[in-house]
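Topology and contacts: notes
Spelled out, the chains give:
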Amino acid sequence: MASLTRPNSFLRKALVFQTFISCGVAIIFPYGTSVGDTKLTSERSPEINLDPPFPYYGGKHQTLQVYEDGFITLDDTQARSAYLFDQLEVEFPSIVPWLARMDAGLSQGEITYRLTTNTTVLNEISAYSAKFVEFINFVPVYAFIAIWYNVGTAYYDNSTNNKVNSFQVLMTSDGSKSLVLFDYIRVEWVFFGDISFYTDYDGIENFPQFAIKTEVL
């Protein structure tokens, strides 16, 4: 499990969520249209209903939408953009595994998702979550799984640069607690402007430093 600690002065994109990030012990769920996934063919998916609602920081959310640009919104019907995260405050609930201007238009790239109550998947989640004290007796009733597979970025010219990333997000709940898992399968590109606005600090040399702690379970 990895945690990232930022100084209090760091305001940009300080989206707070409780999550577990796999490091060397990834639990990658089957994905793709062959297992029942829906392929994202536009900027965002239709609303997907969650029953029971998904508990998330004091609220219980009944719908979600998947966005091409690496984030998921909850109970939010407005069209959103990655550029909205440039603001000091993001006023809509969101889960953000990788915020960037994505390009899934590469020949091998795609974004797929599904909501499932498959017993095998739920049992695997229950067994995995028992590693964490807060989730020893966790019995999920559904799982939402989305993957950004071999996606490039709109910042690069894909005719000369074919670097791609692959990552999966799992959202699951038992009706009273929720669990989010991020799995990073392949990371070949990072666009610095997507994760920081160092110009606000008069240059990169004044940008707050990160303290990263990693624990492999």
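For the structure itself, look to the data block above.
Residues numbered from 1 in each chain as written. Predicted model: local features only at pLDDT ≥ 70, side-chain atom pairs only at ≥ 80, totals over all residues. Heavy atoms only, no water.

A separate point is the overall build of the chain. The helix and strand inventory of the chain stands at 2 helices and 13 strands. Burial status across the chain gives 43% buried among its 217 residues. At a minimum sequence separation of 6, the contacts of the chain that also span at least 24 residues come to 66%. As presented, the chain carries roughly 11,100 Å² of accessible surface, and 50% of it is formed by carbon and sulfur atoms. (Helix = DSSP H or I, 4+ residues; strand = E, 2+ residues; numbered from the N terminus. Buried < 20%, exposed > 50% of the residue type's maximum accessible area, 1.4 Å probe, protein only. Contact = heavy atoms within 4.5 Å. Areas by Shrake-Rupley, 256 points an atom, 1.4 Å probe, with all protein chains shown as cover.)

Before going further, it helps to spend a moment on the environment of Gln78. If you trace the backbone, Gln78 turns up in the loop between β6 (72-74) and β7 (94-95). Each C-alpha atom of the pair Gln78 and Phe92 lies 9.8 Å from the other, and the pair is 14 residues apart in sequence. Beyond its immediate chain neighbours, meaning those up to four positions away, Gln78 contacts Arg44 and Tyr67.

A few words now on the pattern of salt bridges. Taken as a whole and judged by the stated rule, the model has 3 salt bridges. Note that Asp37 is salt-bridged to Arg114, the shortest N-O span being 2.8 Å. Of the two residues, Asp37 is situated in the loop between β2 (20-21) and β3 (38-39) and Arg114 in strand β9 (residues 110-116); the sequence distance between them amounts to 77 residues. Across the pair, Arg114 and Asp37 agree in class, each one buried. (Salt bridge = Lys/Arg side-chain N within 4 Å of Asp/Glu carboxyl O.)

Of note, the amide linkage connecting Asp51 to Pro52 takes the cis form, showing an omega dihedral of 5°. Checked against the element boundaries, Pro52 lands in strand β4 (residues 48-56). For Tyr57, which is not a glycine, the phi torsion comes out positive at approximately 50°. Residue classification places Tyr57 among the exposed positions, given a relative accessible area of 52%. One non-glycine residue, Asp75, lies in the positive phi region at around 50°. Relative to the helices and strands, Asp75 is located in the loop between β6 and β7. Relative accessible area serves as the criterion here: at 38%, Asp75 is assigned to the partly exposed category.

The next thing to look at is the sheet that holds β4. Here 4 strands make up an open sheet; going across it, the order is β4-β5-β6-β7 and the pairing antiparallel. Across the chains shown, the open sheet's two edge strands, defined by having one partner strand only, are β4 and β7. Direction of pairing for β4 relative to strand β5 (residues 59-66): antiparallel, over a ladder of 5 bridges. Across the sheet, Pro55 pairs through a bridge with Lys60, a residue of β5. (Pairing = 2+ DSSP bridges.)

On to the pairing of β5. From the end of β4 to the start of β5, which pair antiparallel, there are 2 residues, and Tyr57 there has a positive phi angle of about 50°. Where β5 meets β6, 3 bridges bridge the pair, whose relative direction is antiparallel. Residue Val66 lies in a different strand from β6, and its bridge partner there is Ile72.

In this section: the pairing of strand β12 (residues 178-187). Summarising the sheet, strand β11 (residues 165-173) and β12 pair through 9 bridges and their orientation is antiparallel. Looking at β12, one finds that Met171 is bridged to Val180. Counting the residues in the hairpin turn of β11 and β12 gives 4 residues, including Gly175, whose phi is positive at 100°.

Another point: the environment of Val151. Tracing the backbone through its elements, the reader meets Val151 in strand β10 (residues 142-153). Looking at Val151, the relative accessible area reads 0%, which means it is buried. For the pair Val151 and Asn162, spaced 11 residues apart in sequence, the C-alpha separation works out to 9.3 Å. Apart from the residues lying within four places of it in its own chain, the contact partners of Val151 are Met102, Asp103, Ala104, Glu110, Ile111, Lys163, Val164, Asn165, Phe167 and Trp189.

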